[in-house]
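A structural walkthrough
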Amino acid sequence: MDCRLGLASAALRCLASGLVVCCALAGRPAAAQDAVSELQGIDDQVQALKQEVLDIERELSLLEEKLLFPSGTQVAVFVSLADAEGFELDAVELAIDGAQAAAHLYAYREFDALRRGGVQRLHVANLPAGRHRLAVAVRGRDRSGGAIEARAEHVLEKGDKPAFVELRLRPAGGGVDIDFREW
Amino acid sequence: MRFAMPARLRLVLLLLGAWSVAAPAVDPVYTGAASLQDLYFGEALYHAYREDHFAAIVRLDVELAQHHALDEPERDSLVAHRGAAEFDVGDFELRYRMYHRAGRAIERVVESETAPPEVRNRAVLRLARLYYARGDARNALLALDRLREPLDPALADAAWLLRAQADMQLGDLPAAVAALRKVRGEALGPYARYNLGVALMRLGRSRDAVDVLDAIGRLDGDPVRLALADKANLSLGNRLLEAGLAAQARPFLDRVRLHGPFANKGLLLAGWAAANSGDFERALVPWTELTGRDPADIAVQEGLLALPYAYAQLGVFGRAALLYGEAVNAFSREIDRLDGSIQAILDGRLRQALLADAAAAESDFLRRLRDLPDAPETRYLLELMAGHVFQAAVANYRDLARLYRHLERRAADVVAFQDLVERRRAFYTPRLPEVERRYQAQDALLRSVRLRRDTLARRLRHAQQMRDPRALASGGELKILRRLARLRWQLERRGGRGPAAERLAERIARLEGVVTWRLDTEFDTRLDRAYRDLAELDALLQRAEDTRRRVERAKRAAYQSFEGYALPFNRMTGRLAALAVRAEALMAQQAQFLEKAAVRVLDQRRKKLVDYRVKARFALAESYDLAIQKQAEAAEAELRERQRVQEIQVDEAPAGDAAPGRTDAPGGGDAREGRP
C-alpha cells in the first residue's frame with residue numbers, strides 16, 4: 001500500500017516543495033533572453049522615434065509661438081507657489097481688462113508640482129501696447145480644510161516687448177498673498 | 001468560500017517586485033528648483049514634477065535652443081540655470097526612457113572639466129543607474145568607478161547600494177555584501193537589508209543571514225514594509241526548509257501574515273514545514289485554509305494537490321480521493337479561464353486594456369491597474385506586470401500611443417496654422433501696398449522735417465557761438481532792418497546833403513538802433529526760447545518717429561504673420577505623417593511582443609495546470625483504489641474476526657447449537673473513513 005502511494009506522492013511532494021522557487025524563476029532563461037533582445041530592438045526604435053518627435057516638436061513650438069504670439073504683443077502669465085505650508089490650491093482665475101482670460105482647477109499632481117518649485121504657464125495672450133488691468137482670484141483650503149479665497153489686481157504697462165507676469169502665491173495669516181512680478 | 005487576494009495587495013507585490021529595477025529616485029528633486037531665475041525653466045520643472053516628461057523635455061529644449069541662438073546668451077535669464085538645465089534635461093530623458101540620449105547628456109556632464117565635482121558625481125551616479133536599468137550591470141559598476149572624492153555621504157550611500165545591486169545581478173555575492181556593509185546604518189533601508197540577508201544566505205553565512213532577515217521579518221508600519229517583512233520571513237523559512245530544518249523554518253513561516261501578498265506561499269510552506277516534520281495533521285491546517293482561496297493563485301493550485309496528499313499520508317484515502325477530485329475540477333475551471341484569457345489577448349483586447357486612461361502618468365496607471373474590472377484580458381495583468389521586461393514593454397506601448405495621438409493632434413494643428421496663414425495673407429495682401437505707399441510718403445515728409453530741424457539747430461548753435469543777435473531776429477524785424485538798409489542805400493545813392501537828408505539818415509540810424517538794441521538786449525531770452533522751441537520740435541519729431549517705428553513694426557509683423565511659413569509647414573506635414581506611420585507600426589510591433597509574452601506566460605501556466613490535473617487524476621485513482629482496498633481489507637478482517645468468533649462459539653457450544661452458514665456482506669466495516 002505504502003509502496004504504491006509512495007510513487008505518486010513523491011512526485012507530488014517534489015512538485016509542491018519546489019513551487020516557490022519555480023514560480024519565482026519560472027525556469028525560462030533562454031526565452032527571457034530572447035524577449036530582452038527583442039524588446040531592446042523595439043526599444044531602440046522607440047527611442048529613435050521619440051528623438052525625432054521631440055525634434056519636430058521643438059521646431060513646431062518655436063514656429064507656433066512666432067505665429068500665434070508675436071513678441072511685440074505677447075503677454076504670458078505664470079503661477080508659482082512661494083510656500084505651500086498649510087495651504088492647498090484649488091483654483092486660479094485670471095481676467096484681463098474685465099474679461100475672463102483663464103481659469104484652472106488644480107489636480108493634486110499639478111499642485112504638488114507647484115509646491116516643489118515648478119512654475120505653471122497659466123495664460124498666453126496678445127495685447128496691444130498700453131495699460132492693462134489683470135485681476136486674479138485664488139481659491140484653496142487651509143490645513144483644517146476651511147475655504148480660502150483671495151483676490152488681487154495689477155496694472156500692466158505693456159510696451160513693445162513681450163511681457164511676462166508671475167503670480168506668486170504665498171499663504172499668510174490664514175489667507176493667501178498674491179504678489180505680481182513682471183519679468 | 002473562495003478567497004481572492006485583494007488587488008491592493010497584489011499591487012504591493014507588484015511594487016515590491018519592481019523596487020529593485022526602479023533606477024531613478026522615486027521622488028525626484030531637480031537641481032534648479034531653488035532660487036528660480038527663469039520662468040520657462042520653472043515651467044519645464046513643473047511638467048517634470050507632474051510626470052509629463054515629454055512636455056518637460058520640449059520646454060527645456062526650446063529654452064536651450066533660444067538661449068544658444070542669442071547674440072549675448074550671458075544676458076539671458078536662463079544663464080543662471082544653464083548647468084542645471086543641461087543636467088536636468090538628461091534626467092527628464094532618463095525618466096522618459098530615452099536612455100541613449102540621456103546617456104549622451106549625462107556623459108557630457110561627466111566628461112565636462114568645468115562641471116562642479118558634486119554635479120559631476122551626481123551625473124556619474126545617474127549614468128550608472130541608467131546602465132543598471134538597461135540590465136547592463138557591468139557598465140554600471142564601471143561608471144561607479146568614475147566617482148571622485150569628495151563624495152557627499154548621501155550620494156556615497158546611494159552609490160554603494162547601486163553597486164551592491166549590480167554585484168548581485170552579476171552573481172558576485174561577496175562584493176555585494178561588502179558594498180552593503182559600506183552603507184551607513186541609517187541609509188541602509190529595509191530593501192537593502194533584505195538584499196544583504198539574501199546575499200549572506202546564498203554565501204552560506206546562515207547565521208548572519210538569519211540575523212538580518214529575522215530583523216526584516218519583524219518590520220512594522222506601512223503595507224510595503226509589512227510586505228517586505230513577509231518576504232523576508234518567507235525567504236528564510238523556504239531556505240531553512242530546503243536545508244532540511246523544518247522545525248526551525250516554522251516560526252518564520254508562522255510570521256507571514258494571513259492576508260498579506262505572500263500569504264498563500266506562506267501557508268503552502270507552513271504546511272510543508274509541518275509535513276516534513278512528519279506532522280501531517282498539523283499540515284492540514286494551513287493547507288485547508290489555502291485551498292479555500294483564489295484558485296488562480298499558483299500556491300493555491302499546488303495546495304489543492306498538497307492537501308489530499310496529507311490526507312493520504314494520514315491514511316484517509318477516501319477524503320484524499322474526494323479532494324483530488326475537487327482539485328481536478330478546479331484545475332479544469334482554471335484551464336478554461338486561461339483559455340479565455342489567451343483568446344481575449346489574441347483578439348486584441350489586452351492592447352485595448354493597456355491603453356485605458358492612456359493620458360495618465362505611469363504611476364497613476366499602475367495604481368489604476370488594481371481597479372480594472374475582472375475580465376479575461378486583464379485577469380492576469382497585474383501578475384504579468386511584475387516582470388521588468390513586461391513593464392518596460394507596457395511603458396513603451398503607452399508612450400507610443402501618446403506619441404501617436406500627439407502626432408495626430410499636431411498634424412491637425414499644422415493644418416489650422418496653414419489655414420490661419422492663408423487667411424492672413426488674403427487679408428493683408430490687398431491692403432499692404434496702400435499702407436506701404438502712405439508709409440513711404442509719411443516717411444519722406446518726416447525726413448524733410450528732420451532736415452529742416454537740423455538746419456535750424458545748426459543756425460541756433462552758430463548764433464549762440466558767434467553771439468549773433470540778428471540770427472534770432474523775427475521775420476518782421478528782419479524786414480524792418482532790410483527796409484532801413486534800403487532807405488540808407490537810396491539816400492546815399494542820391495547823394496543827399498543838407499539838413500533834411502541828415503535828419504532822414506539820423507532817423508534811419510535811430511530806428512536801426514532801436515531794432516538792434518532790442519535784438520541785443522533780448523538775445524539771451526530769445527536764445528532760450530529758441531532752444532525751448534527746438535526741444536518741443538524734437539519731442540514732436542520723436543513722437544512722429546515712434547509712430548513711424550510702430551507702423552514699420554506693424555507692417556513687418558503683418559508680412560511676418562504669413563510670410564515664411566508655407567515651406568516649413570509643408571515639410572512638417574510630411575514629417576508628421578511619416579512619424580505617425582512609424583509610431584503606428586511600432587505600436588503594433590510592441591503590442592505583438594506584449595501579446596506574445598503574455599500568451600507565453602499564460603500558456604506556461606496552462607501547461608503546468610494540465611500537468612497538475614494529470615497528476616491529480618492519477619492520484620485520485622490511486623487514492624480511490626487504496627480506499628477501496630482499505631475498505632475491502634477492513635471488511636475481510638471483520639469477516640475473519642466473525643468467523644473466528646463463530647468457530648470459538650462452535651467449539652464451545654454443544655453440538656447442534658451452531659448457526660448454519662451465517663455471513664455478513666462486505667462494506668459494513670468502519671465508516672470513519674470518508675468514502676470516495
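Here's what I pulled together on the structure shown here. (Residues numbered from 1 in each chain as written. Chains lettered and ligands numbered in written order. Predicted model: local features only at pLDDT ≥ 70, side-chain atom pairs only at ≥ 80, totals over all residues.)

Our next topic: the overall build of chain A. From N to C terminus, chain A includes four helices and eight strands. Traced from its N-terminal end to its C-terminal end, chain A shows the element sequence α-α-α-β-β-β-α-β-β-β-β-β. Put simply, chain A has 183 residues, and 23% of those count as buried. Sequence separation of 24 or more characterises 65% of the internal contacts of chain A that already satisfy a separation of 6 or more. (Helix = DSSP H or I, 4+ residues; strand = E, 2+ residues; numbered from the N terminus. Buried ≥ 20, exposed ≤ 12 C-beta atoms within 10 Å, placed from the backbone. Contact = placed C-beta atoms within 7 Å.)

This part covers the sheet that holds strand β3 (residues 99-105) of chain A. Residue and element names in this part refer to chain A. What the four strands build is an open sheet, ordered β3-β2-β5-β6; its pairing is antiparallel. Two strands bound the open sheet, and with one partner strand each, they are β3 and β6 (147-158). Put simply, the sheet's adjacent strands are angled 20° from each other on average, direction ignored. Pairing of strand β5 (residues 130-142) with β6, which is carried by 12 bridges, proceeds in the antiparallel orientation. Residue Arg141 lies in a different strand from β6, and its bridge partner there is Ala147. (Pairing = 2+ DSSP bridges. Axes fitted to C-alpha atoms, helices over the stretch in contact; angles between N-to-C directions.)

Moving on, we get to the interface of chain A and chain B. Many descriptions give the size of an interface as the accessible area lost when the pieces come together. Facing 57 residues of chain A, the contacting portion of chain B comprises 68 residues. Listing elements by their share of the side of chain A that touches chain B, those giving two or more residues are α1 (2-17), α2 (19-25), α3 (29-68), β1 (74-81), α4 (108-115), β4 (120-126) and β7 (163-172) of chain A. No other element matches the 25 residues that α3(A) contributes to the side of chain A that touches chain B. The class makeup of the residues in the side of chain A that touches chain B is 30 nonpolar, 11 polar and 16 charged. (Nonpolar A, V, L, I, M, F, W, Y, C, P; charged D, E, K, R; others polar.)

Following Glu149(B), the chain continues to Pro150(B) via a peptide bond in cis, the omega torsion being 0°. Tracing the backbone through its elements, the reader meets Pro150(B) in the loop between α7 (137-144) and α8 (153-169). Positive phi is not limited to glycine here, since Asp97(A) has a value of about 50°. Phi at Arg467(B) is positive, roughly 45°, even though this residue is not glycine.

Here the focus is the sheet that holds β4(A). All names here are of chain A. Read across the sheet, four strands follow the order β4-β1-β7-β8 without closing on themselves; strand pairing throughout is mixed. In this open sheet, the two strands that pair with only one neighbour each are β4 and β8 (175-182). Strand-to-strand twist of the sheet, defined as the mean angle between neighbouring strand axes without regard to direction, takes the value 20°. Sheet analysis places β7 next to β8, joined by eight bridges and oriented antiparallel. Each residue of the ladder has a partner; that of Arg170, found in β8, is Asp177.

Before going further, it helps to spend a moment on the nonpolar core. Residues and elements named next belong to chain B. Of all hydrophobic cores here, the largest spans 135 residues; its most connected members are Ala128, Ala140, Ala273 and Ala310. Take this core: its biggest share by element is 10 residues, from helix α16 (residues 298-313). The contact partners of Ala273, leaving out residues within four places of it in the chain, are Gly237, Leu241, Ala246, Ala249, Arg250 and Leu253. (Core = buried A, V, L, I, M, F, W, Y, C linked by C-beta atoms within 7 Å.)

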